[in-house]
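So the chains spell out like this:
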Amino acid sequence: MNKKKREELLTEAIEARKNAYVPYSHFQVGAALLTKGGKIYRGCNIENAAFGSTMCAERTAFFKAVSEGEKAFEAIAIVGGPEGKELIPVCDPCGNCRQVMAEFCKGDFEIIFGSSKKDISVYTLDQLLPLRFDYNEAMK
Ligand code: THU
């Protein structure tokens, strides 16, 4: 994926973060998920008074996309930071979100971080979740 597309996706994630609902942690996360067909699905974290019912930004984006019939994904941009403060340079996805990525994405799926266009870093799913359980592979 080229530099310009990564920057565009990061900008979408920054926009998505504005809708974060975070009355408990005050930590806002935004995600922008790019399908292989070129569509972008945004997600933000949505907290709940019953803390376990909180949903992360990344999974919000995935579930929105999958519920609309999407199943092939190229990349996700993730941004995060405390409310009213600067974005942190790398907002790592939690284990649950990595596992959801593993369900729908190949090892070369890109995970893009940054606090601005100047400090973009890129990882693959292979790097963030090596040796993941692959049901289809296991059942062969
Ligand atoms: N959060 C995300 O949205 N994505 C992650 O991968 C990690 C954490 C959210 C959950 C909670 O609303 C807040 O960040 C603080 O943990």
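Note that the coordinates shown come from a computational prediction; the quantities given were computed from them, not determined experimentally.

What to know about the packing of helix α2 (residues 57-67) against helix α3 (residues 95-104)
Thought 1: Between α2 and α3, whose axes approach to 9 Å, the crossing angle comes to 30°. Considering their axes alone, α2 and α3 lie roughly parallel with respect to each other. Remark: the crossing between α2 and α3 carries left-handed chirality. Taken together, the residues of α3 that come into contact with α2 (itself represented by E58, R59, F62, F63 and V66) are N96, C97, V100, M101 and F104.
Thought 2: Its residues assigned to classes, the contact of α2 with α3 shows seven nonpolar, one polar and two charged.

What to know about the site of the ligand
Thought 1: Surrounding the ligand, one finds S25, F27, V29, N45, E47, T54, C56, A57, E58, D92, P93 and C94.
Thought 2: Taking E58, its side chain carries an N or O atom lying 2.8 Å from an oxygen atom of the ligand.
Thought 3: At a separation of 2.8 Å, an oxygen atom of the ligand approaches a polar backbone atom of C94.
Thought 4: Starting from 370 Å² of accessible surface for the ligand in isolation, the protein chains cover 78%.
Thought 5: When atoms are counted within 2 Å of each cavity's grid points, the one that captures over half of the ligand is the second largest pocket.
Thought 6: Contributing elements (two or more residues each) for the shell around the ligand: β1 (27-35) and α2.

Basis of the calculations
- Residues numbered from 1 in each chain as written.
- Predicted model: local features only at pLDDT ≥ 70, side-chain atom pairs only at ≥ 80, totals over all residues.
- Heavy atoms only, no water.
- Axes fitted to C-alpha atoms, helices over the stretch in contact; angles between N-to-C directions.
- Helix = DSSP H or I, 4+ residues; strand = E, 2+ residues; numbered from the N terminus.
- Parallel < 35°, antiparallel > 145°, perpendicular 65-115°, else oblique.
- Left-handed = near helix turned anticlockwise from the far one by under 90°.
- Contact = heavy atoms within 4.5 Å.
- Nonpolar A, V, L, I, M, F, W, Y, C, P; charged D, E, K, R; others polar.
- Near = heavy atom within 4 Å.
- Polar contact = N/O pair within 3.5 Å; in protein donor to acceptor, adjacent residues only side chain to side chain.
- Areas by Shrake-Rupley, 256 points an atom, 1.4 Å probe, with all protein chains shown as cover.
- 1 Å grid on protein atoms, 1.4 Å probe; cavity = no way out; pocket = protein on both sides within 12 Å on 5 of 7 lines; lining within 4 Å.
- Sits in = over half its atoms within 2 Å of the grid points.

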